[in-house]
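# Structure at a glance
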Amino acid sequence: MTKIYLVRHCEAVGNQMRLFQGSINTDITELGGKQLEFITERFKDIPIDAIYTSPLFRAQKTAFAVMGDRFMNVKIENDLREINAGIYDGKPFLEAFNSNKEMGDAWYNHPEDFAPEGGERMRDAYERIYNVIVKIAEENPDKTVAVALHGGVIRCLMARLLFGTIEKLNDVTWAENTAVALITYENGEFNVEFRNDTSHLPEGYLPVRNRLSSFMQKKP
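Notes on the structure follow. (Residues numbered from 1 in each chain as written. Predicted model: local features only at pLDDT ≥ 70, side-chain atom pairs only at ≥ 80, totals over all residues. Heavy atoms only, no water.)

A few words now on the overall build of the protein. When helices and strands are counted, the protein shows 7 helices and 6 strands. Walking the protein from its N terminus toward its C terminus, one meets helices and strands in the order β-α-α-β-α-β-α-α-α-β-α-β-β. Computed over the C-alpha atoms, the radius of gyration of the protein is 17 Å, within 12% of the 17 Å expected from 2.2 N^0.38 for a compact globule of 220 residues. Taken along its principal axes, the extent of the C-alpha atoms in the protein is 45 × 40 × 25 Å. Counting all 220 residues of the protein, 50% fall into the buried class. When contacts within the protein are restricted to residue pairs at least 6 apart in sequence, those whose partners lie at least 24 apart make up 70%. Element-wise, carbon and sulfur atoms account for 46% of the exposed surface of the protein, whose accessible area totals about 10,200 Å². (Helix = DSSP H or I, 4+ residues; strand = E, 2+ residues; numbered from the N terminus. Rg over C-alpha atoms; globule rule 2.2 N^0.38 Å. Buried < 20%, exposed > 50% of the residue type's maximum accessible area, 1.4 Å probe, protein only. Contact = heavy atoms within 4.5 Å. Areas by Shrake-Rupley, 256 points an atom, 1.4 Å probe, with all protein chains shown as cover.)

Below you can see the structure in the form of structure tokens.
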């Protein structure tokens with residue numbers, strides 16, 4: 001049986017500024033750096049055989065925090081990247097969704113149909129992340145692996161593992177910054193042991209924000 005720890009990246013500037021932080025490469029915040037200290041502490045006594053990361057800075061820094069004092073390679077896997085938001089990438093949510101109410105409605109009400117101009121369709125991201133996690137699992141039989149990645153791709157993966165369909169994407173809660181999930185892989189099947197666990201973070205290290213923007217008129 002292969003164990004795979006999924007770790008969402010720490011807080012980055014795009015999170016703090018409420019940007020559509022898809023493929024843009026923002027750095028981590030001061031709070032994000034503190035979150036990484038606690039993720040290092042959480043993983044220091046967990047045997048890890050391999051570490052994979054998205055190529056984006058916020059994920060790479062999270063991967064190195066998981067590594068801690070170990071001497072090992074961190075493998076960059078491009079397909080672990082966040083969804084490319086195309087023309088909305090790097091824009092404040094308010095600006096992005098006011099420019100296209102149809103896409104704003106899709107993002108909130110039926111995210112499986114989100115397909116930004118110049119970017120990646122959510123349905124394609126859904127397939128991409130599942131395929132790369134299968135690849136990682138099959139590369140590491142009977143090992144324990146840590147993977148640093150992004151909120152959107154974790155959500156896509158959990159929709160698949162928990163419900164078997166992208167149509168249930170809205171039923172999957174978002175993973176918080178540095179939240180940890182554990183999945184196992186055996187005989188070609190995945191099982192979700194736990195998810196969105198932030199028990200390593202003291203109170204106050206996860207600011208409450210409305211991730212859907214004021215355009216959505218929803219409360220946190």
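Back to the write-up after that little detour.
Moving on: the packing of aromatic side chains. On inspection of all chains with the given rule, the structure shows 15 aromatic pairs. Measuring from ring centre to ring centre gives 5.3 Å for Tyr5 and Phe43, while their planes differ by 85°; the resulting arrangement is edge-to-face. A residue pair is termed long-range when its members are at least 10 positions apart, and Tyr5 in strand 1 (residues 2-8) and Phe43 in helix 2 (residues 30-43) qualify at 38 residues. For the ring pair Phe93 and Phe97, a centre distance of 5.8 Å and an interplane angle of 45° mean the geometry is tilted. Of the two residues, Phe93 and Phe97 both sit in helix 4 (residues 93-98), 4 residues apart, roughly one turn of that helix. (Phe/Tyr/Trp six-rings, centres within 6.5 Å; stacked < 30°, edge-to-face > 60°.)

This part covers the pairing of strand 6 (residues 189-197). Note that strand 5 (residues 180-186) and strand 6 share 6 bridges and pair antiparallel. The residue of strand 6 that forms the bridge with Glu186 is Glu189. Joining the antiparallel neighbours strand 5 and strand 6 is a turn of 2 residues, in which Asn187 adopts a positive phi near 55°. (Pairing = 2+ DSSP bridges.)

Turning next to the pairing of strand 1. Most of strand 1 sits out of view: 6 of its 7 residues are buried. Pairing between strand 1 and strand 5: 6 bridges, direction antiparallel. Residue pairing across strands places Val7 opposite Val180, the latter belonging to strand 5.

Contact geometry for helix 2 and helix 3 (residues 57-67): axes closest at 7 Å, N-to-C directions at 40°. On the basis of their axis angle, the class for helix 2 and helix 3 is oblique. Where helix 2 crosses over helix 3, the handedness of that crossing is right-handed. Mapping the contact onto sequence places Leu36, Ile39, Thr40 and Phe43 in helix 2 and Lys61, Thr62, Ala65 and Val66 in helix 3. Among the residues forming the contact of helix 2 with helix 3, the class breakdown is 5 nonpolar, 2 polar and 1 charged. (Axes fitted to C-alpha atoms, helices over the stretch in contact; angles between N-to-C directions. Parallel < 35°, antiparallel > 145°, perpendicular 65-115°, else oblique. Left-handed = near helix turned anticlockwise from the far one by under 90°. Nonpolar A, V, L, I, M, F, W, Y, C, P; charged D, E, K, R; others polar.)

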